[in-house]
Amino acid sequence: ASARRAPAPGSGRGAMSGMMLAVHSKKPSGDPPELAAVLRTYAERVYGEPAAEACGGDFSAVAALRAAAASSEGGAEERRDAILAYVRALGTIEQRFPIGDDPEHCNLQFGWADSFRPKKAARAASLPLELASMVFNLGAAYSQIGLSADRSGAEGVKVACAAFQAAAGCFAVLRQDVLPRAGGVRGGLTPDLSPECCALLERLMLAQAQECFFEKASRDGKSAGVVAKLAMQVAVFCEEAAAAITHPSLKDHFDRAWVAHVTSKAATFRAHALLRVAQQLRADEETDSSCGKRIVEEVARLTQARNVLRDAKKQLGTTSGASASAEALRELEATVTRALDVANKENEQIYLLRVPHSDSLPAISPASLVKGPVAAAAIRGKIEPGDDETALFAGIMPESSTKALSKYTVEADHAVREALSKLNAATDDARTLLATLDLPATLNATCEAPPLEDELAQKVQLARSNGGAAGLLDLQQTASAARKECERMLGVAVKALERERAEDDAQRARLGDKWMRAPSDEVARPLFEKNDSFSANLLAAGDADANNEERVESAISAAGPFLSLEPGAPSSLPLLEPNMVSLGESPAQVAGRLREVMESLEDHAAGRSSLEEEIRRVKDGDNVAPKLMAVRSSGVQALFDQELQKYEPLKARADEAAQQATASLDALRAAHAAFVESFDIEGWRKAVAAKQGALRNALVDFDTARDAMVEGVTFYTTLQEALREHVQRCSDWELARNAQKQDMLNQITTSLASASLADQLPSPPSAAPVAPPSPASEPPPVAQPPASVPAPTKLEPVAPSAPPMADLLNLGDTPPAPPVAPAAPAPEPPAPAPAVQQPAAPVAQPPRPPAAASPPPQPSSPPPQQQQHLLPPPPPPQQQQQQQQQQQ
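Note that the structure is a prediction, hence the values are computed from the model and not measured. (Residues numbered from 1 in each chain as written. Predicted model: local features only at pLDDT ≥ 70, side-chain atom pairs only at ≥ 80, totals over all residues. Heavy atoms only, no water.)

### A closer look at the overall build of the protein
Scanning the protein for helices and strands turns up 26 helices and 4 strands. The buried share among the 888 residues of the protein stands at 41%. Contacts in the protein between residues far apart in sequence, at least 24 positions, make up 83% of those at least 6 positions apart. Of the roughly 46,400 Å² that the protein leaves accessible, carbon and sulfur atoms contribute 54%. (Helix = DSSP H or I, 4+ residues; strand = E, 2+ residues; numbered from the N terminus. Buried < 20%, exposed > 50% of the residue type's maximum accessible area, 1.4 Å probe, protein only. Contact = heavy atoms within 4.5 Å. Areas by Shrake-Rupley, 256 points an atom, 1.4 Å probe, with all protein chains shown as cover.)

### A closer look at unusual backbone geometry
Look at the link from Leu439 to Pro440: it is a cis peptide, with omega at 5°. Assignment of secondary structure puts Pro440 in the loop between helix H14 (399-437) and helix H15 (441-444). Positive phi, normally seen in glycine, also occurs at Leu352, with a value near 55°. Turning to its location among the elements, Leu352 is positioned in the loop between helix H11 (323-351) and helix H12 (372-383). Backbone geometry at Asp438 places phi at a positive 55°, although glycine is not the residue there. Structurally, the position occupied by Asp438 is in the loop between H14 and H15.

### Some details on the packing of aromatic side chains
The full count for this structure, using the stated rule, is 14 aromatic pairs. An angle of 65° between the planes, with centres 5.8 Å apart, marks the rings of Tyr42 and Phe97 as edge-to-face. Of this pair, Tyr42 sits in helix H1 (residues 35-46) while Phe97 sits in the loop between helix H4 (76-96) and strand E3 (110-113), placing them 55 residues apart in sequence. A residue is classified by how much of its surface remains accessible, and Phe97, at 1% relative accessible area, is buried. Taking the centre distance of 5.3 Å and the plane angle of 80° together, the rings of Phe214 and Phe269 count as edge-to-face. With Phe214 in helix H7 (residues 195-219) and Phe269 in helix H9 (residues 256-287), this pair connects stretches of sequence that are 55 residues apart. (Phe/Tyr/Trp six-rings, centres within 6.5 Å; stacked < 30°, edge-to-face > 60°.)

### Re the packing of H9 against H11
Each pair of packed helices gets described by two things: the angle between the helix axes and the distance between those axes. Contact geometry for H9 and H11: axes closest at 10 Å, N-to-C directions at 25°. It follows from the interaxial angle that H9 and H11 lie roughly parallel. Considering the relative orientation of H9 and H11, their crossing is left-handed. Within the contact between the two elements, H9 uses Ala260, His261, Ser264, Thr268, Ala271, His272, Leu275, Arg282 and Glu285 and H11 uses Ser325, Leu329, Leu332, Thr335, Val336, Val342, Ala343, Glu346 and Tyr351. (Axes fitted to C-alpha atoms, helices over the stretch in contact; angles between N-to-C directions. Parallel < 35°, antiparallel > 145°, perpendicular 65-115°, else oblique. Left-handed = near helix turned anticlockwise from the far one by under 90°.)

### Here's the deal with the pattern of salt bridges
Two side chains of opposite charge can pair, provided their charged atoms sit close to one another. The tally for this structure, following the rule as stated, stands at 45 salt bridges. Arg175 is paired through a salt bridge with Glu202; the nearest N and O atoms lie 3.0 Å apart. Here the residue Arg175 occupies a position in helix H6 (residues 154-178), and Glu202 occupies one in helix H7, the gap between them amounting to 27 residues. Overall, Arg175 belongs to the partly exposed group, its relative accessible area being 28%. Salt-bridge contacts for Arg669 lead to Asp666; the nearest nitrogen and oxygen are separated by 3.0 Å. On the criterion of helical spacing, the pair formed by Arg669 and Asp666 is a turn pair, its members being 3 residues apart in helix H23 (residues 648-678). Judged by relative accessible area, Arg669 falls into the partly exposed class, the value being 41%. (Salt bridge = Lys/Arg side-chain N within 4 Å of Asp/Glu carboxyl O.)

### Quick word on H9
With 32 residues, H9 extends 46 Å between its outermost C-alpha atoms, agreeing within 8% with the 46 Å of an ideal straight helix rising 1.5 Å per residue. Sitting at the head of H9, Asp255 places a side-chain oxygen 2.9 Å from the backbone nitrogen of Ala257. (Expected span 1.5 Å × (residues − 1). Polar contact = N/O pair within 3.5 Å; in protein donor to acceptor, adjacent residues only side chain to side chain.)

### Re the nonpolar core
Ranked by internal contacts, the top residues of the largest apolar core, which has 122 residues, are Val23, Leu39, Phe97, Leu174 and Trp258. For Leu174, the residues in contact, after removing those within four places along its chain, are Ala132, Val135, Phe136, Leu179, Leu193 and Cys198. Grouped together as the second largest cluster of nonpolar side chains are 23 residues, Ala430, Leu439, Leu443 and Leu576 included. (Core = buried A, V, L, I, M, F, W, Y, C linked by side-chain atoms within 4.5 Å.)

### Looking at the packing of H7 against H9
In the contact formed by H7 and H9, the axes pass within 12 Å of each other and the chain directions differ by 35°. Considering how the two elements wind past one another, H7 and H9 form a crossing that is left-handed. Judged by residue contacts, Leu201, Leu204, Glu211, Phe214 and Ser218 of H7 engage Trp258, Lys265, Phe269, His272 and Arg276 from H9. Its residues placed into classes, the contact of H7 with H9 shows 5 nonpolar, 2 polar and 3 charged. (Nonpolar A, V, L, I, M, F, W, Y, C, P; charged D, E, K, R; others polar.)

### Details of the confidence of the model for the protein
Averaged over every residue, the pLDDT of the protein is 79; the share at 70 or more is 79%. Here residues 5-17 scores under 50 on pLDDT; set against residues more than four positions off or in separate chains, the count is 28 contacts. Scored below 50 in pLDDT, residues 565-570 makes 7 contacts in the model with residues more than four places away or belonging to other chains. (pLDDT = per-residue confidence, 0-100.)

### Details of helix H5 (residues 127-148)
Taking 1.5 Å of rise per residue, 22 residues should cover 32 Å, and H5 covers 32 Å from first to last C-alpha, within 8% of that figure. By the criterion of burial, H5 is predominantly enclosed, with 21 of the 22 residues buried. Looking at where H5 begins, the residue whose side-chain oxygen comes 3.4 Å from the main-chain nitrogen of Leu129 is Ser126.

### Let's talk about a negative patch on the surface
Together, Glu596, Glu599, Glu602 and Asp603 make up a region of like negative charge exposed at the surface. Among the structural elements, Glu596 can be located in helix H20 (residues 587-620). Glu596 gets classed as exposed once you look at its relative accessible area, which sits at 54%. (Patch = residues over 30% accessible without salt bridge, like charges linked within 9 Å, V, L, I, M, F, W, Y side chains within 5 Å. Lys, Arg positive; Asp, Glu negative; His and termini not counted. Charge placed at Lys NZ, Arg CZ, Asp CG, Glu CD.)

### Examining the environment of Phe715
In this fold, Phe715 is placed in helix H24 (residues 681-760). By relative accessible area, which is 31% here, Phe715 ends up partly exposed. Setting aside residues up to four positions removed in sequence, Phe715 forms contacts with Asn537 and Ala541.

### Examining the pairing of E3
The two faces of E3 match: Phe110 and Trp112 on one face and Gly111 and Ala113 on the other face are all buried. Bridging between E3 and strand E4 (residues 121-124) involves 4 bridges; their strand directions are antiparallel. Pairing of Gly111 across the sheet is with Arg123, part of E4. (Pairing = 2+ DSSP bridges.)

### A word on the environment of Arg653
One can find Arg653 in helix H23. Overall, Arg653 belongs to the partly exposed group, its relative accessible area being 37%. Taking the C-alpha atoms as reference, Arg653 lies 8.5 Å from Ala419; in sequence the two are 234 residues apart.

As structure tokens, this is what we get:
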């Protein structure tokens, strides 16, 4: 073992020894095992080549971990980490690869030499031997870390104290957990792995950890009484170690220097405890005099300390290697002797009191600041397989582990179902009761209109998506505008035909038989009949529109609030009103209490839902397989019990939630009974049913009216196209008839002008007699005016008076132009006086055009303003007779 002395803090009356010990690590003995090859061969034989191939990297990884843990190179911290990693991996290997001398097992020979007597060694195919050696080396590494810490400072003392406690925990785990499994090792274990040696090393490491607290308390100036208790605990641990080192199985195993160190350490710290008590008595006496009583007790304590140190010196004698311990004893004895001389002199000169016997003095109570069980538990947690180690050979699971995992799964599922069934039952009871009491619908109806039934709400939503009430009104306005446009276009066509017929009738009345054109009533009969047909269609459509308008008004009146497109449109369903007469609390108070119960019920429901999710989350994350593979078969049930404990709090919370739900439902029944007495629920239900029935009828009217409006708009659109074509035909007809009328007027005007000119011309000269025509011959032709003689201006033809097409249709935004009124006929001129037969001077007659000559060219059409002067008034009857006689 290694030893080291730290600087000892001064006490004012002496110094103490700070020498501590560390344990050397065990060394491998013999050839190292072929870990990777043997494990791979077993995996291929038992689990199959695919499984072994999948874990190929794990075999070499385990071999590397073992080589690093068994190496003595590197610092103590590095060796500690390597040993921890390999020990955790051994837990995974143990579950999958049985190691032993049996031919069916992995024959891995592990050899380790004794730490104190290297010539002694143990070698066997035993995993417990490997594990025990590694845990021993882990404790040795921790002791070396504690020994190497610089305890002259507070941080060094803290590091050393933690390391010594961890080392004590390693030896405790080795003695309690590992060695019982290694009892069947062939050839036995080395003495350093015996329970007595582990107990010795555990107590020694605890004593050194307690000594660190003692050093820190002395350095920090704690009271002598406190330091005395800490020193006494160090003495107790050292005395226990001294008793273990003298056990027959270890009597000759340790070096005598170890025995001397442990025994002198016990005596030294017991003397330190007595010295510190004496110092505390001196301090108390100086503060508050006791007339020498504390002084004589101080003498007794110092005497007792001196005797302890002298006995320890005698026991050491001339032991080799104990010089350091003997030196520490001598230094402390000198300090005690000086204090004892001072106390004796003071008592002999001043108080002269009898010194009490040491047996009559109260014992010094030790105060332990190190906890062995806590340190052991910490080491157990560190050597448990972690995520990295449980990932080793994850593709290999023995059949025994599979069966154990199935058993755990069944138990965990049962715990989860038990908790969830209670929560679900509470939720179902609450849901059933709320549906039976019609809550919260009736409660909400006291302050806001109830919602519509699902089927009715869907119909309302469909009506809203089709535009709602505003859309229906817009559709109605569109149909009305389309109807007015059709009426306007039909009026344009009617006016065109009527205008043409009126002009035709006027010309016929004025010209009589000379107006030989067919009457407009006969020729334009199809157009007039078409006008009548369009008019009848518009009349029928107007009646249908009137009916639809009544239906629209009825639908909007009944369903208007529901068909509004504005967000948050109010509902017209009635509210739940209180009874006219209420006894006891006011209806508002009753409703408020029921609302509080409902809120409490909702909070409990939310809590149950959250707890249910938590239970499912814990169950989903409950993966015990890696831990199961890392634990020994004897600890499987303990592992299951430990893992199932996490469901117990959840089951308790589920029971509590079910009880809360039952209490809330009882409170709900009581509050609802008072609510029924305060509000007219039956009357409200009847009113809501009636309102919803009226809404259904209104929605039927809405759909019918909308369909009719859509059909009407479609009808008017089609009718407008037909009317547009009809108006065009009527306009074309009017223009054609006007052109025909003008042609006929031009012909009549020309004929009348020619006849009037012939009457005014003289008879031909006698020098050119002409044979009288025979009766059978045709009458002489009427004299025609020469082609060079221009026609009178008043006989120019008139342009048609019909308005242009754009004015007839008037499809733009401007209103149609009013029709042009026919010009008033010119007043008839007065009848000319009868012609007197007077000799006329001979006038040169123009040559007569040849008979085969073409008729004279038609005069150009007169401007429209001269249309009223086209036809001369008819001559009086007497003048007509004279003209006929002249023609004959």
